[in-house]
Amino acid sequence: MVAHKSRNSTLPGGVPKLSRSAVYKKRALYKRAKVQTKPSVEPAATHKTKQVQGEKNGGTREVPLQRQPRFYPTEDTKKPLNNRRKVKPTKLRSSISPGTVLILLGGAHRGKRVVCLKQLPSGLLLVTGPYKINGVPLRRVDQAYVIATSTKVELPALPDSLTDGLFKRKPKPTKNEKEMFVENTAEDPKISAEKIALQKEVDALVVPAVKSVDMLQSYLRSRFTLTKGQFPHEMKF
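Residues numbered from 1 in each chain as written. Predicted model: local features only at pLDDT ≥ 70, side-chain atom pairs only at ≥ 80, totals over all residues. Heavy atoms only, no water.

Undergrad: Would you mind going over the overall build of the protein in detail, with residue names and values included?
TA: Secondary structure assignment for the protein yields four helices and nine strands. Start at the N end of the protein and walk to the C end: the helices and strands fall as β-β-α-β-β-β-β-β-α-β-β-α-α. For the protein, whose C-alpha radius of gyration is 35 Å, the value lies well above the compact-globule estimate of 18 Å for 237 residues. Judged by the C-alpha coordinates and their principal axes, the protein covers about 90 × 80 × 40 Å. The buried share of the protein, reckoned over its 237 residues, is 22%. Considering only contacts within the protein whose residues lie at least 6 apart along the sequence, 55% involve residues at least 24 apart. Summed over its atoms, the accessible surface of the protein is roughly 20,800 Å², and 53% of this surface lies on carbon and sulfur atoms. Taken as two groups, the 47 positive and 19 negative side-chain charges of the protein have centres that lie 16 Å from each other. (Helix = DSSP H or I, 4+ residues; strand = E, 2+ residues; numbered from the N terminus. Rg over C-alpha atoms; globule rule 2.2 N^0.38 Å. Buried < 20%, exposed > 50% of the residue type's maximum accessible area, 1.4 Å probe, protein only. Contact = heavy atoms within 4.5 Å. Areas by Shrake-Rupley, 256 points an atom, 1.4 Å probe, with all protein chains shown as cover. Lys, Arg positive; Asp, Glu negative; His and termini not counted. Charge placed at Lys NZ, Arg CZ, Asp CG, Glu CD.)

Structural data, given as structure tokens:
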């Protein structure tokens, strides 16, 4: 009795001679009917049997489990779609860590170099100039708008009050019909004394760490610029 020989032989290196589509054609698998058995699912009960009194009422009656409303709304109400996505914490880039010197690419301080303090629970980076060196206060920055450099500073323990709540703004007061045409005499929002004190406390911790590195103070004061023929993707920061 001759043993069964495969239609597909193996070439040197373990590569099959025929591809998957060629074997599919040779075996004529396209002619075979694909039969799928669907799992039997019992439909959920929508009615229940209720005993009815009276000789001429039949004794029982099918009553719906969920009673329909007597009146219909005049306008269609939009139902929100089910969202099964779970909020995941933002993954921090491997090149960024507390103490890394970053280059800002957007905002009022774009082009300046700052020190990364930590990543906040919101996923944003908490950075500072420090303010005493280059005038950049405590700010939240998205990591997509920074360039991470290889320069790093050893930071001491920072205060626990550096959270997202520090940057929460007060809601603007709503105007009624009488106040709509009245001239706005409200003053511009000022920086709170608590924020100023916290900035001084952070500067007192970060500035000595910056001064301990040679030439880092002047490096943070200088702006990042590009000249003709310079490309950021070819540079090593």
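Undergrad: Which residues make up the sheet that holds strand 9 (residues 146–152), and what values do they have?
TA: The strand order across the open sheet built from five strands is 8-7-6-5-9, with neighbouring strands paired in antiparallel fashion. On the outer flanks of this sheet lie strand 8 (139–141) and strand 9, each paired with one strand and no other. On average, adjacent strands in this sheet sit at an angle of 45° to one another, irrespective of strand direction. Looking at chain direction, strand 7 (residues 125–128) and strand 8 are connected through three bridges and run antiparallel. Considered in strand 8, the bridge of V127 is made with R139. (Pairing = 2+ DSSP bridges. Axes fitted to C-alpha atoms, helices over the stretch in contact; angles between N-to-C directions.)

Undergrad: Break down the pattern of salt bridges for me, with residues and values.
TA: If you walk through the whole model with that rule in mind, you get one salt bridge. The salt bridge partner of D164 is R140, with a shortest N-O separation of 3.2 Å. Taken together, the residues span a long stretch of sequence, with D164 in the loop between strand 9 and helix 3 (193–211) and R140 in strand 8 at a distance of 24 residues. (Salt bridge = Lys/Arg side-chain N within 4 Å of Asp/Glu carboxyl O.)

Undergrad: An account of the packing of aromatic side chains is requested, with residue identities and associated values reported.
TA: Two aromatic rings, taken as a pair, are described by how far apart their centres are and by the angle between their planes. Applying the stated criterion to the full structure yields one aromatic pair. Summarising the aromatic geometry, the rings of F224 and F237 are spaced 5.7 Å apart at their centres and angled 65° between planes, so their arrangement reads as edge-to-face. Residue F224 is found in the segment after helix 4 (216–221), and its partner F237 is found in the segment after helix 4; the two are separated by 13 residues along the sequence. Given a relative accessible area of 16%, F224 falls into the buried group. (Phe/Tyr/Trp six-rings, centres within 6.5 Å; stacked < 30°, edge-to-face > 60°.)

Undergrad: Mind laying out helix 3, listing which residues take part and the relevant values?
TA: Between the first and last C-alpha of helix 3 there are 27 Å, a value that for 19 residues agrees with the 27 Å anticipated at 1.5 Å per step. In the structure, helix 3 departs most strongly from a straight axis at A204, where the bend amounts to approximately 25° and where the proline P208 lies between one and four residues downstream. Among all positions of helix 3, only L198, Q199, V202, D203, V206, V207, A209 and V210 are buried. On its buried face, helix 3 sits against strand 6 (113–119), strand 7, helix 2 (131–134) and helix 4. (Expected span 1.5 Å × (residues − 1). Bend = angle between axes of the 7 residues up to and from the residue.)

Undergrad: Please give an account of unusual backbone geometry that cites residues and values.
TA: Cis peptide bonds are those with omega within 30 degrees of zero, and the linkage from G129 to P130 qualifies with 0°. Structurally, P130 is set in the loop between strand 7 and helix 2. With phi around 55°, A28 is a residue other than glycine that occupies positive phi space. Positive phi values are uncommon outside glycine, yet M215 reaches one of about 65°. Its place among the elements puts M215 in the loop between helix 3 and helix 4.

Undergrad: I'd like to hear about the side chain of Q199, residue by residue, with values.
TA: Assignment of secondary structure puts Q199 in helix 3. Relative accessible area serves as the criterion here: at 9%, Q199 is assigned to the buried category. Those residues within four positions of Q199 in sequence are excluded, and the remaining contacts are T128, Y131, P137 and L138.

Undergrad: Tell me about the nonpolar core, and please be specific about residues and values.
TA: Of all hydrophobic cores here, the largest spans 19 residues; its most connected members are L126, L138, L162 and L220. Elements with a minimum of two residues in this core: strand 6, helix 3 and helix 4. With six residues, the single largest contributor to this core is helix 3. Once residues within four sequence positions are removed from consideration, L162 is found in contact with K118, L120, L126, L138, L198 and V202. (Core = buried A, V, L, I, M, F, W, Y, C linked by side-chain atoms within 4.5 Å.)

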